[in-house]
Amino acid sequence: MSDHNGSSAPVWPVLRQFAKGDLFALDGSTAGSSRTESLASRTKTADRVVGSVCPYCAVGCGQLVYVKDEKIIDIEGDPASPVSNGCLCPKGAATFQLVTGSHRVSDVLYRRPHGTEWEKIPLEQAMDMVAERVKRTRDENWEDRDKDGNPLRRTMAIAHLGGATLDNEENYLIKKLFTNLGIVQVENQARI
Amino acid sequence: MGTSFGRGGATTFPGDLVNSDVIVIEGSNMAECHPVAFRWVMQARERGATIIHVDPRFTRTSAVANLHVPIRAGSDIAFLGGIIRYIIENERYFKEYVVNYTNAPAIIGDDFKDTEDLDGVFSGWDKKKGKYETRTWMYKDVDPEPAGGTRESEAGEKGQPIQRNPIQAEHTDETLQHPRCVFQILKKHYSRYTPELVEETCGIPRYLFLKVAEALCRNSGRERTGAFVYAVGWTQHTVGVQYIRSAAIIQLLLGNMGRPGGGIMALRGHASIQGSTDIPTLYNLLPGYLPMPKAKHDKDLATYLRLNTSPSGWWGEFPKYMISMLKAWYGDAATKENDWRYDYLPTLTGDHSHMNTVVDMADGAVKGYFVMGENPAVGSMNGALQRKGLRQLDWLVVRDFQLIETAEFWRDAPEIARGDVKTKDIKTEVFFFPGAAHTEKDGSFTNTQRMLQWHHKAVEPRGDSRSELDFIFKLGQRLKELYANEYGQIRNWPIRDMTWDYPEIGPLKEPSAEAVLHEINGYTVADRKPVEGYSSLKDDGSTACGCWIYSGCYRGGKNMTARRKPYWEQNHLAPEWAWVWPHNRRILYNRASADPNGAPWSERKKLVWWDEQKQEWTGLDQPDFIVKRGPSHRPSKEARGKETISGVDPFIMQADGKGWIYVATGLQDGPLPTHYEPQESIAKNPLYGQQCNPERMEWIRKDNPYHQPYDDPRFPYLITTYRLTEHHTAGGMSRWLSWLSELQPEMFCEISPELAEERGLKNGEWATIRTMRGEIETRVLVTRRMQPLRIKGKLVHQIGLPYHWSTKGLVRGDAANDLIGFVADPNVSIQESKAFTGNIEPGRKSKGRRHATSGRLVKKLPSREQDRDLPKVGHKPESKHGYKAEQTKEGNI
């Protein structure tokens, strides 16, 4: 690349390479330009850096999340982590796209029985509807005792799946709430 | 792991593999599936360690290993059993370790019969119940009780009520010569697992097998250690638990447990999959591996505590953990008088695990379903049956980043595309809630090495996206309100009394994750001060603790999981980075890193030792032992609970403090791993008349048909599934990302040039792969990385299938899991997806991707179900093995 917008006199890198005897531009300084010198990584401009952990596999590589103007501008491996020493694999390195990408849906959607399309509905309304269905299903399908009179205190009509990608605190509240509703079919990917 | 050592977690961490002298990676493609952890294996190699990769495929892990050992999928126990035999026959075991730290000297009861005696079945098979009665497996003159750790199998439908006597061998023989001691039983059990048998079972040439066995033996003893690394290539079998048990036996014989560079490294596949077992979103457990109450047995708190409190070993502390949990859940409503509200807990009447739920769903018994961060329509076995289940629901809640297949099963699925099912006919009401990413919420993941690491909220979630924490919290608040007028009914009291008062923070008024962590850690009730660890917990209601094994993660009010002290400022165990359960111990059972007298086995392998002057255990790691209990301590006869742990008992969670080479109680399918063929195999079991694991769970239904046990002419090839570096499980976190999708854009199958030749398949062109469950179309990748194995002179072909794709996302392809049937391990109900049979032909000939849920796919052959089991095992009661009585009569193939 030639150096068009530098303030100093443009010197072609190739001339510098000759001048410094660095024919193959192995030394960065000969290949550089005043423009490249003025550049900085976008992480330098972040308002804050937040400690995080890779959300993919269970190795638990350290991540640093760079935030500017309340938006994530980059996610990098955390060099201080004894788990990963700053490394991320292809998936971990794609975390930035995972969390900021346009694929993410940000509306609550509802498909009515026999419906052919999604409908947008407000979050609060959807929460009310789900709570109402949990209550109705639980009330209509309550098992108090088995045929021998042993206590069951449960409903087998509601089940849950998921947890291996969630936080411990989330799993804790899931288990606590659902157990106390009498839902025993609480499961996730971890079966061994 | 739990039954062998006491805790169901990896015993070490990937970073410690640098200290290994030999590393066997088996059932895992670590370089591609856990690339960053694999750096430690590479560093070990640079230091001179021997790296061995045992896998059906030659992968990037194999490429950098010293030795790649191709193996027939599903035959690992024969291979590992061969190594056990080699160690014993050549007297290569670490005798001082074996005699002192394992149950090898224990003498077993006279009624025990081995699989060698009964053609592949252990004593105690109950023909009427279709399962084992395990009493005969016990130590001589001792009544059974379970090991700590995996307590899934005890005191319920699957096991027997338990006697409460200390389970410590009454009789031992430290010379290991007694014919009924564990060591001699082990020797006999594996006596036929010769290198020749390994060759004809696994397809591994004798010289390769001997190289592996020799490398392991050479690198053990006082000065050297070896490690085993596995992933779901081991677990997802009908004998999955016994695969890991085989490695446990090898590691105990070689003296590799609890030592630097030793241990068994379980590589988990999700960010918090270990966490979701510790704080379980699992039906059979409460937090910290406390069992869910069983309807028949655990009628009241006193009975429940009696059945679950071990008279010896650490599980003697059980009541403290249980009562503290009840106190955390019910607060002031839990009192001594009302048994801390134990009677609020629902009870179990059988196996309520995922596959049973799906079958119940397909049969209309389940009405409502929550799916949070999983994609079962793609990720679980027999995808068509999963989707059939979803169609029978009244309502479904899916929480994810985008519209995954599970959310859109009603309009975008193979059976819809084919016209078998019409969208308008599906009654299910579906709610999709967008989830918040880990960068949009506070919380902790527990990684593969039991480490809790905190991630901080960086930004607020967009739009209606919310965390699961927020969703569940607000759902709970609404239900408390909805039931407010119905608290006259006793069944609603748990909702009323459940503590649910987490501080609400931030603009979205989300519950404070740190407050939840505080409850998980535990606190003294009087002042709500966090407890220092589980040693502080009481059984008198004065402490509350949500998950005892995590106790200490918030000690002193400090979030220990958020610690991020750079690794270069501490030793290689990095004790001040985050927090590891239990008690920040990085290598479990590390008392075994010292000899019986408390001195390190060698300078090179020192970790924890007894400090004679201070009279306490000390060292590089937190001692996984009672700190002040010296090596010479011997308990009195009257001792109970943790007081029974002697100075030479490194496995403190076990009732006898020993590593269990032989699992006297706690497993459904036998005290010693035995080679059984997969449910669908290409070979007759070369060792026993009993073909498959007699205890395996089957679902015999029309929509879940099985192939013939072996030599099925319709399905001559072995199939195994796996992951790629660039995709994540069922694709929910990768198929929608362009960065990852363009790296792995399309579904394919990996086959050998020989198979390509045999079936006329061409690289880059299409193939159709069939099982009785379904059919898929994939691109063909012909590669020497797949090599046919020669077994008894016959060439055996294996097909490799990644399982990431489905009908949605940026890149699409058929879902490998649609091929796989429901069949599972009896101990933990995990599916068998790593070895099954199928057929492959060139071209796109699937007729629209048919599935068994819509009718039969191939012509019927006479049933050979009887070939899977010996006659006495073959008779199975109808309600057994997961299937439903009403389906069994007509459901058979």
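Residues numbered from 1 in each chain as written. Chains lettered and ligands numbered in written order. Predicted model: local features only at pLDDT ≥ 70, side-chain atom pairs only at ≥ 80, totals over all residues.

1. Observations regarding the overall build of chain A
So, step 1. Counting its regular elements, chain A contains seven helices and eight strands.
So, step 2. Relative to the 2.2 N^0.38 estimate, which gives 16 Å for 192 residues, the radius of gyration of chain A is 28 Å and therefore markedly larger than a compact globule would have.
So, step 3. Each principal axis of the C-alpha atoms in chain A carries an extent, and together these give about 95 × 40 × 30 Å.
So, step 4. Within chain A, the proportion of its 192 residues that are buried is 43%.
So, step 5. Of all intrachain contacts in chain A linking residues separated by at least 6 positions in sequence, the fraction that spans at least 24 positions is 32%. (Helix = DSSP H or I, 4+ residues; strand = E, 2+ residues; numbered from the N terminus. Rg over C-alpha atoms; globule rule 2.2 N^0.38 Å. Buried ≥ 20, exposed ≤ 12 C-beta atoms within 10 Å, placed from the backbone. Contact = placed C-beta atoms within 7 Å.)

2. Quick look at the overall build of chain B
So, step 1. When its secondary structure is counted, chain B shows 25 helices and 31 strands.
So, step 2. Relative to a compact globule of 893 residues, whose C-alpha radius of gyration would be 29 Å, chain B shows 27 Å and is just as compact.
So, step 3. With respect to the principal axes defined by its C-alpha atoms, chain B has extents near 75 × 70 × 60 Å.
So, step 4. Going through the 893 residues of chain B one by one, you find that 65% of them count as buried.
So, step 5. Nonlocal contacts in chain B, meaning residues at least 24 apart in sequence, comprise 73% of its contacts between residues at least 6 apart.

3. Topic: the domain arrangement of chain B
Residues and elements named next belong to chain B.
So, step 1. Segmenting chain B into domains produces domain 1 (1–104 + 192–269 + 586–670), domain 2 (271–347 + 450–585), domain 3 (354–436) and domain 4 (697–891).
So, step 2. Inter-centroid distance (C-alpha atoms) of domain 1 to domain 4 is 32 Å.
So, step 3. Contacts between the two partners involve 26 residues from domain 1, matched on the other side by 30 residues from domain 4.
So, step 4. Of all the secondary structure elements, the ones that give two or more residues to the side of domain 1 that touches domain 4 are helix H2 (30–33), helix H10 (232–235) and helix H11 (240–253). (Domains from an automatic or database assignment.)

4. A word on the nonpolar core
So, step 1. Core analysis: the biggest nonpolar cluster contains 311 residues, and Ile23, Ile52, Val182, Leu216 and Ile250 of chain B have the highest contact counts within it.
So, step 2. Residues contacting Ile23 of chain B, with those up to four places away along its chain left out, are Leu17, Val41, Ala44, Ala49, Ile51, Ile52, Gly226, Ala227 and Val229 of chain B. (Core = buried A, V, L, I, M, F, W, Y, C linked by C-beta atoms within 7 Å.)

5. Observations regarding the packing of helix H5 (residues 76–89) of chain B against helix H8 (residues 195–202) of chain B
Residue and element names in this part refer to chain B.
So, step 1. With their axes 9 Å apart at the nearest point, H5 and H8 run at an angle of 165° to one another. Taken together, the axes of H5 and H8 lie roughly antiparallel to each other. Between H5 and H8 the crossing geometry is left-handed. Contact residues: Ala78, Phe79 and Gly82 in H5; Pro195, Leu197, Val198, Thr201 and Cys202 in H8. (Axes fitted to C-alpha atoms, helices over the stretch in contact; angles between N-to-C directions. Parallel < 35°, antiparallel > 145°, perpendicular 65-115°, else oblique. Left-handed = near helix turned anticlockwise from the far one by under 90°.)

6. Observations concerning the sheet that holds strand E3 (residues 71–77) of chain A
All names here are of chain A.
So, step 1. Within the open sheet, the three strands sit side by side as E1-E2-E3. Their pairing is antiparallel. Of all strands in the sheet, those bounded by a partner on one side alone are strand E1 (48–53) and E3. For this sheet, the mean angle separating the axes of adjacent strands, direction not counted, is 30°.
So, step 2. Examined bridge by bridge, E1 and strand E2 (residues 62–68) share six bridges and lie antiparallel to one another. Across the sheet, residue Ser52 finds its bridge partner in E2, namely Gln63. (Pairing = 2+ DSSP bridges.)

7. A look at the pairing of strand E23 (residues 717–722) of chain B
All names here are of chain B.
So, step 1. Most of E23 is tucked away: five of the six residues are buried.
So, step 2. Pairing of E23 with strand E31 (residues 836–842) involves three bridges; the strand directions are antiparallel. Residue pairing for E31: Ile719 is matched across the bridge by Phe836.
So, step 3. Here five bridges tie E23 to strand E29 (residues 798–802), and the two strands are oriented parallel to one another. When the sheet's bridge partners are listed, Ile719 is paired in E29 with Ile799.

8. Considering the interface of chain A and chain B
So, step 1. On the side of chain B, 131 residues touch chain A, which itself brings 99 residues to the contact.
So, step 2. Counting residues per element, the side of chain A that touches chain B draws most heavily on helix H7 (residues 168–181) of chain A, at 13 residues.
So, step 3. In the side of chain A that touches chain B, the residues fall into 51 nonpolar, 27 polar and 21 charged.
So, step 4. In the sheet, strand E4 (residues 109–111) of chain A pairs with strand E12 (residues 429–434) of chain B via three bridges, with the strands oriented antiparallel. Opposite Tyr110 of chain A, over in E12 of chain B, you have Phe431 of chain B as the bridge partner. (Nonpolar A, V, L, I, M, F, W, Y, C, P; charged D, E, K, R; others polar.)

9. Looking at the pairing of E29 of chain B
One face of the sheet, then the other: side chains in a regular strand alternate in exactly this way.
So, step 1. Burial analysis of E29 of chain B places five of its five residues in the buried class, which makes it a mostly covered element.
So, step 2. The alternating pattern of E29 of chain B places Gln798, Gly800 and Pro802 of chain B and Ile799 and Leu801 of chain B on opposite faces, both of which are buried.

10. Remarks on H8 of chain B
So, step 1. For H8 of chain B, every residue scored as buried is listed here: Leu197, Val198, Glu199, Thr201 and Cys202 of chain B.
So, step 2. At the exit of H8 of chain B stands Gly203 of chain B, carrying a positive phi of roughly 75°.

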